Amino acid sequence: MNLFAGAHKGSKQLNERASTSPLLGFPLFRNHSGTFWIALISFSYLLAMTCSNQALMYVSYTFQALAKSCKMVPVMLANVIVGGKRYSFKQYLCVSLITA
């Protein structure tokens, strides 16, 4: 199974979208390589994880585990509603058993 089949098509679309991005109006965001964007996304993810870990310090571990297990429900709903993805009955059953 080739995981990267057709990846060049997606890259082309991403490059076209990025070239028309409103952020390119700012001098900071012009003419940067892919490494810059990966570093920017990585830094924002790191900052988000730091903030979420700081916020979780004030919540009990039981509530943290319960909240993390319930993440699957909105993800599945968004994939069905926005992405048009279909899940099998087995997958719905697994999610309901994990979150129940």
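Residues numbered from 1 in each chain as written. Predicted model: local features only at pLDDT ≥ 70, side-chain atom pairs only at ≥ 80, totals over all residues. Heavy atoms only, no water.

A. Main features of the overall build of the protein. From N to C terminus, the protein includes five helices and zero strands. Considering the protein as a whole, with its 100 residues, one finds that 7% of them fall into the buried category. When the accessible area of the protein is evaluated, it comes to approximately 8800 Å², of which 69% is carbon and sulfur surface. (Helix = DSSP H or I, 4+ residues; strand = E, 2+ residues; numbered from the N terminus. Buried < 20%, exposed > 50% of the residue type's maximum accessible area, 1.4 Å probe, protein only. Areas by Shrake-Rupley, 256 points an atom, 1.4 Å probe, with all protein chains shown as cover.)

B. Seen up close, the side chain of Thr 99. Relative to the assigned elements, Thr 99 resides in helix α5 (residues 89–99). When its relative accessible area of 19% is taken as the criterion, Thr 99 is described as buried. Those residues within four positions of Thr 99 in sequence are excluded, and the remaining contacts are Ser 69, Cys 70, Met 72 and Val 73. (Contact = heavy atoms within 4.5 Å.)

C. Examining the confidence of the model for the protein more closely. Taken residue by residue, the protein gives an average pLDDT of 77. The fraction at 70 or more is 68%. Of all secondary-structure elements in the protein, the lowest mean pLDDT belongs to helix α1 (residues 7–19), at 56, while α5 reaches the highest, 91. (pLDDT = per-residue confidence, 0-100.)

D. Inspection of the side chain of Gln 64 at higher detail. Residue placement: Gln 64 occurs in helix α3 (residues 61–69). Looking at Gln 64, its side chain comes within polar contact range of the main-chain oxygen of Leu 56, at 2.9 Å. Once residues lying within four places of it in the same chain are set aside, the contact partners of Gln 64 are Leu 56 and Val 59. (Polar contact = N/O pair within 3.5 Å; in protein donor to acceptor, adjacent residues only side chain to side chain.)

E. Summary view of the packing of helix α4 (residues 72–81) against α5. Between α4 and α5, whose axes approach to 10 Å, the crossing angle comes to 150 degrees. Relative to α5, the element α4 lies roughly antiparallel. Contacts between α4 and α5 pair Met 72, Val 73, Met 76 and Val 80 from the former with Gln 91, Tyr 92, Val 95, Ile 98 and Thr 99 from the latter. Its residues placed into classes, the contact of α4 with α5 shows seven nonpolar, two polar and no charged. (Axes fitted to C-alpha atoms, helices over the stretch in contact; angles between N-to-C directions. Parallel < 35°, antiparallel > 145°, perpendicular 65-115°, else oblique. Nonpolar A, V, L, I, M, F, W, Y, C, P; charged D, E, K, R; others polar.)

F. Quick look at a nonpolar patch on the surface. Residues Val 73, Leu 77, Val 80, Ile 81, Val 82 and Tyr 92 make up a contiguous nonpolar surface patch of roughly 580 Å² in combined accessible area. Counting residues per element, the nonpolar patch draws most heavily on α4, which supplies four residues. Along the chain, Leu 77 falls in helix α4. (Patch = residues over 30% accessible without salt bridge, like charges linked within 9 Å, V, L, I, M, F, W, Y side chains within 5 Å. Salt bridge = Lys/Arg side-chain N within 4 Å of Asp/Glu carboxyl O.)

G. Structural view of the environment of Lys 85. Summarising the element assignment, Lys 85 is placed in the loop between α4 and α5. Taking the relative accessible area as the measure of exposure, Lys 85 reaches 45% and is therefore partly exposed. Beyond its immediate stretch of four places on either side in the chain, Lys 85 contacts Asn 79 and Val 80.

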